[in-house]
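Report on the structure
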Amino acid sequence: MIQCEELEKRYGKSNVLTNVSFQIEEPKIIGLIGRNGVGKSTLLKLVAGHLKETGGNVQVFGKRPFNALHVAANVILIEDKMSFPPIFTLKEILLHAKRFYPNFATELAFDLLLYVGISEKNEHMQLSKGQTAVFNLIYGLATRCAVTLLDEPMNGMDEAVRADMYRAILKDYIAFPRLIIMSSHYLQEMEHLIEDILLLHEGVVELYAPLEEVQQMALRIVGQKEEIEPLLEKVHVFYKREQSPLFEAIIENNGLEIPASVKSQSLSASEVCKYLTSSKEGTIDDIFK
Amino acid sequence: MTSLNNVSLAQNIWQQLLWKCRTFSSTFTTVLIVQIIFSVLSSGSGSSGGSYGSLLYNESIYSLDLLFIISIFSAIMLGWLLATQSIRNDNYSVVTTNFTETVSTLLFLVVLSIFTVFSALSSLYITVFTRLLFFDQVMVIKSALFEISTLFIFLIFVLIAGSASYFAKTLFDISKITFLLLTIVIIYSMQTGGISESTFFEFFLVQSMGEMLGKVLLVLTIFWGLTIAIRQRREVIRR
């Protein structure tokens, strides 16, 4: 479905993606994670055919997406900067969509719009930030494109609406399976939704694995310093902190035997991603020392 | 898994043309209203008066000169507007590629040019009606001389103006320096007498209809060929 090989994207002299390789073959919901400016939006735009790759290769349905009509008809990219002609009301936008997207679920779109309390008589430009995000997401979901790319779709929505929208994504995905790639900074919120995690870091794919695997990748261990320190020599350490009398460390989970006196617990995928992409120059606390 | 959408090039261009006609529907009414206002306010391009006993009459020669100039300016403005970034962004909320977007814009300009010609023609009748309604002046249409060739020339000049403007904006977006240099060269040539407005009209208005049609097609092919070539390389940047 999507294949990237050594994909590169440069804006002027700035390298955003340097060597991105991954392959997605089946319908699933994937969380695209990474720090700010790491190139999540750029990657989605490359897959949608909005941007041209600088190097490497990207293929969607076996075709280079840039300027490919077949890709444009089957891939939708939803982002906050999406705009519609100001002459149309939301109702007209949804009615017109069916002409371009034969699978467009007009009824579902109107039902969702009614549920979230957005009047179909509004114009897109009149909507608040949160309402715009909701409408864009509804539009993207209703297109039922085989590849649906959601670039931080929940930005601006309140917590209750976010919870509803996650549920809407899941329900529609179960009824009509397709590939949904969702970039977000709210990984913890969508852990129940996603099947795989695609983690970008410093221009490359740091990790592409099922969620359960990511959750098992690291451990938090807490105990006496003299018990912890020997363990740290045997594994990769993501983070350590001494808070007398206890010593805490986040370590790679490589099957190391942990003594019973040391408390260990798994991390959430969100925490694992945070430590995998954390600054190697120390923590924020070091700034204030 | 959801089924794949199979959209043909022609189908997509047609849908986009309909979408553009709806999106810019206000342009059609604006053209019509502007033409009516100018028709009503101007009293034709020439007139003569006379009397038979107690009967006074005024004979007006009604021509499309003024409307032609207005239509050309409208086409230039619209061509520039259609090539702006925000309109391009709106188009990318539906199924679009650079190619289909440009071709559908060309077709939209053709539709608008045809509408402009018919709107200019109908303005004569609307003027007669408006004067009767609001100014209590009875006008009798003595004769109306419409030649197909005149209408065709009206149409192609409006279309060329819109196409040139669309191309100019595309060029402006890709290289402001090239656009500036080209503008300086044209202005300099006009100042030194190398080219003038009449050069442009003389180039197209030749005796043979076939030759004129050939020149029009050549110019349109150059404008749109270059526009498509430039736009094919452009990325979508929503700001």
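Residues numbered from 1 in each chain as written. Chains lettered and ligands numbered in written order. Predicted model: local features only at pLDDT ≥ 70, side-chain atom pairs only at ≥ 80, totals over all residues.

A few points about the overall build of chain B
When helices and strands are counted, chain B shows nine helices and two strands. Within chain B, the fraction of its 239 residues that count as buried is 27%. Long-range pairs, those at least 24 residues apart, make up 78% of the contacts in chain B with a sequence separation of at least 6. (Helix = DSSP H or I, 4+ residues; strand = E, 2+ residues; numbered from the N terminus. Buried ≥ 20, exposed ≤ 12 C-beta atoms within 10 Å, placed from the backbone. Contact = placed C-beta atoms within 7 Å.)

Looking at the overall build of chain A
Per the secondary structure count, chain A includes eleven helices and 13 strands. Along the first, second and third principal axes, the C-alpha set of chain A runs to 70 × 40 × 40 Å. The proportion of buried residues among the 289 residues of chain A is 40%. At a minimum sequence separation of 6, the contacts of chain A that also span at least 24 residues come to 67%.

Details of the sheet that holds strand β13 (residues 263-266) of chain A
Picture the strands of a sheet paired through backbone hydrogen bonds; they go either parallel or antiparallel. All names here are of chain A. Read from one edge to the other, the open sheet built from four strands follows the order β11-β12-β10-β13, with strand pairing classed as antiparallel. Because the sheet does not close on itself, it has two edges, and the strands there are β11 (237-243) and β13. Taken over all neighbouring pairs, the strand axes of this sheet differ in orientation by 15° on average, direction set aside. Two strands pair when backbone bridges link them, and strand β10 (residues 218-224) and β13 are joined in this way by four bridges, in the antiparallel orientation. When the bridges of β13 are listed, I221 appears paired with S264. Sitting on the sheet, helix α9 (residues 225-232) touches β10, β11 and β12 (246-252), and the angle it makes with β10 is about 145°. (Pairing = 2+ DSSP bridges. Axes fitted to C-alpha atoms, helices over the stretch in contact; angles between N-to-C directions.)

Considering the interface of chain B and chain A
Every contact between the two is made by 27 residues of chain B and, on the other side, 28 residues of chain A. Of all the secondary-structure elements, those providing two or more residues to the side of chain B that touches chain A are α1 (9-23), α4 (85-91) and α5 (98-134) of chain B. With five residues, α1 of chain B is the single largest residue contributor to the side of chain B that touches chain A. Its residues placed into classes, the side of chain B that touches chain A shows nine nonpolar, 14 polar and four charged. (Nonpolar A, V, L, I, M, F, W, Y, C, P; charged D, E, K, R; others polar.)

Re the domain arrangement of chain A
Residues and elements named next belong to chain A. Each domain of chain A was delimited in the assignment, giving domain 1 (2-209) and domain 2 (214-287). The gap between the C-alpha centroids of domain 1 and domain 2 is 34 Å. Contacts between the two partners involve twelve residues from domain 1, matched on the other side by seven residues from domain 2. Taken together, the elements giving at least two residues each to the side of domain 1 that touches domain 2 come down to α7 (187-190), β8 (196-201) and β9 (204-210). Residues of the side of domain 1 that touches domain 2, tallied by class, amount to six nonpolar, three polar and three charged. (Domains from an automatic or database assignment.)

Details of the pairing of strand β3 (residues 29-33) of chain A
All names here are of chain A. Within β3, five of the five residues are buried, which leaves the element mostly enclosed by the surrounding structure. The two faces of β3 match: I29, G31 and I33 on one face and I30 and L32 on the other face are all buried. Relative to strand β7 (residues 179-183), β3 is paired through four bridges, and the arrangement is parallel. Within β7, the residue paired with L32 across the bridge is S183. The pairing of β3 with β8 spans four bridges and is parallel. Looking at β8, one finds that G31 is bridged to I197.

Quick look at the nonpolar core
Within the largest apolar cluster, 84 residues are counted, with the highest numbers of intra-cluster contacts made by V47, V75, I138, L149 and I197 of chain A. Two domains each put at least three residues into this core: domain 1 (2-209) and domain 2 (214-287) of chain A. With residues near it in sequence (within four places) discarded, L149 of chain A still touches L44, V47, A48, V75, I76, L77, I78 and I181 of chain A. Judged by nonpolar contacts, the second largest core, of 20 residues, contains L82, L109, F154 and V158 of chain B. (Core = buried A, V, L, I, M, F, W, Y, C linked by C-beta atoms within 7 Å.)

Thoughts on helix α10 (residues 269-276) of chain A
All names here are of chain A. Among all positions of α10, only A269, V272 and C273 are buried. With its buried residues spanning 95° around the axis, α10 presents them on a single face. Residues of α10 that are buried make contact with β3, α7, β8, α8 (211-215) and β10. (Arc of directions from axis to C-beta.)

Regarding the pairing of β11 of chain A
Residues and elements named next belong to chain A. In terms of strand pairing, β11 meets β12 through six bridges, oriented antiparallel. Each residue of the ladder has a partner; that of Q243, found in β12, is L246. Between β11 and β12, which pair antiparallel one after the other, the connecting turn spans two residues.

Some words on the packing of helix α3 (residues 90-100) of chain A against helix α4 (residues 106-116) of chain A
Residues and elements named next belong to chain A. Two elements in contact, α3 and α4, have axes whose closest approach is 10 Å; the angle formed by their N-to-C orientations is 160°. When the interaxial angle is binned, α3 and α4 end up roughly antiparallel. Handedness of the α3/α4 crossing: right-handed. Listed contacts from α4 to L90, L94, L95 and K98 of α3 are T106, A109, F110 and L113. (Parallel < 35°, antiparallel > 145°, perpendicular 65-115°, else oblique. Left-handed = near helix turned anticlockwise from the far one by under 90°.)

Considerations on the packing of helix α6 (residues 148-174) of chain B against helix α7 (residues 176-191) of chain B
All names here are of chain B. Viewed as axis vectors pointing N to C, α6 and α7 meet at an angle of 130°, and their least axial separation amounts to 5 Å. With respect to α7, the axis of α6 lies oblique. Residues A168, L171 and F172 of α6 form the contact with α7, whose own contacting residues are K176, T178 and F179.

Quick word on the environment of G117 of chain A
Secondary-structure assignment places G117 of chain A in the loop between α4 and α5 (129-143). Taking the C-alpha atoms as reference points, G117 of chain A and Q131 of chain A, 14 residues apart in sequence, are found 9.3 Å from one another.

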